[in-house]
Amino acid sequence: MRKQHLSLAAVAAAATLTLSACGGVETTTGGGGGGDYPSGSVEMYVGASAGGSSDLISRAVSTGLSDELGQSFPVINNEGANGALAAAKVQKAAPDGSTIAIQNASLFAITPLAVSPDEVTNLDDFDVVGGVSRDDYVMVTNKQTGWTSLDDIKNADQKITYGTTGVGTGSQLACALTFSTADVDSEPVPFDGGSPALTALLGNQVDTACLQVGEARENIESGKLTALSVFSPERIDYLPDVPTATEQGLDVEVYQYRFMTTPKGTPDDVKSTIADAMQKTFQTDAYKQFNEQNSLTPMEISGEEVVQQVESDKKRYADLVEQYGIDLGDAS
């Protein structure tokens, strides 16, 4: 049985209290003053609206950093462009640790495949402190379709519509690759996030959707949705009976993961302090329960390993998109 000691509301409330405690009065001075880091509150940007996975993860880590380092880490929501707007805030900030952000891998590995070159956000423009967690995708359908596997999708004599959480996201790529590799006639229907995509699927406005497991799990367990496939390298603990796409004969492996970043040139001692506090946060029972409740797989690796993973995924996704002639930017 899953432990329920730390609810999503509690995480959000705790972070809100942290933000309120700052009151806009305390000066944000992460470092750079020659003293111990942090010497004041640290702004923590998130490129998504309140209540989504990125926001909740940022708030859970923020709470841990505040507890470990004794200063406020207020979360600032700056949603839009799959995280690019928040990323720009961090990129332009002073490299002293006063501005940080947990960012999505999809912004650097998938979004470049859907936008013009001048809109690409480059990982080289940031220092990567360390990994946080992996958020897997699942393809789901309304129970009323009667479909139970990807074979049913392949054999369906109709154009399949699929909801995604936006253009240039892992959700879009997972679905697009699935239908392309299976040679299924399909049409994307992008939404601005997982919640509206889920609502559309429950209302039979789309045939399928690729959602993050945490967004779909409750409705899968209640029987309202049927999980057809996950896109992780292996089956995931939260949906152990759902086969991977690879198991079902399709070369589709797409997942979201997040990692802590700072502006390029941030001092090593500042990054080390953040990394150490993150690792201590990860070891707390409260944070472990948070991961479990939100169907998150720990990916608590070094910054160097994160960069290697992003670069590997970026090339792999680009090769697959070229191989199957997928135009992610054409979905509108």
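All of the points below concern the structure found in this document. This one's a predicted model, so the numbers in the text were calculated from it and none came from an experiment. Sequence order as written defines the numbering, with residues in each chain counted from 1. Local features in this predicted model are restricted to residues whose pLDDT is 70 or higher, and side-chain atom pairs enter the listing and the counts only when it is 80 or higher, whereas totals over whole chains, interfaces and linings include all residues. The basis for every side-chain value is the complete set of heavy atoms in the structure, and neither hydrogens nor water enter the calculation.

1. A word on helix 7 (residues 194-202)
(1) Moving on: Burial here depends on accessible area, computed with a 1.4 Å probe over protein chains only, as a share of the maximum for the residue type. Under 20% is buried, over 50% is exposed, and the range in between is partly exposed. Runs of E in the DSSP output that reach at least two residues are strands. Runs of H or I that reach at least four are helices, and both are numbered from the N terminus. The set of residues buried in helix 7 consists of Gly194, Ala197, Leu198, Ala200 and Leu201. One side of helix 7 holds all its buried residues, which, seen down the axis, span an arc of 160°. In helix 7, those exposed residues whose orientation departs by more than 90 degrees from the buried face are Ser195 and Thr199.
(2) Moving on: One or two positions beyond helix 7, positive phi appears at Asn204, with a value near 60°. Taken from the helix axis, the directions to the C-beta atoms give the arc we talk about.

2. Quick notes on the packing of aromatic side chains
(1) Moving on: Only the six-membered ring of Trp is used, alongside the rings of Phe and Tyr, when aromatic pairs are assigned; centres must lie within 6.5 Å, and planes under 30 degrees apart are stacked while those over 60 apart are edge-to-face, with the rest tilted. Applying the stated criterion across every chain yields a total of 7 aromatic pairs.
(2) Moving on: The interplanar angle of 35° and the centroid separation of 6.0 Å between the aromatic rings of Phe108 and Phe259 together place this pair among those described as tilted. Of the two residues, Phe108 sits in helix 4 (residues 105-109) while Phe259 sits in strand 9 (residues 255-263), which places them 151 residues apart along the sequence. The pair formed by Phe108 and Phe259 is uniform in burial state, with each residue classed as buried.
(3) Moving on: Here Phe282 and Tyr287 contribute two aromatic rings whose centre-to-centre distance is 5.2 Å and whose plane-to-plane angle is 45°, an arrangement assigned as tilted.
(4) Moving on: On the accessibility criterion, Phe282 (2% relative accessible area) is buried.
(5) Moving on: Assessed through its relative accessible area of 3%, Tyr287 is described here as buried.
(6) Moving on: Site record: aromatic cluster; members linked through ring pairs are Phe108, Phe126, Tyr255, Tyr257 and Phe259.
(7) Moving on: The rule for a charge over a ring is simple: NZ of Lys or CZ of Arg within 6 Å of the ring centre, and within 35 degrees of the ring normal. Taking the ring centre of Tyr255 as reference, the NZ or CZ of Arg134 above it sits at 5.4 Å.

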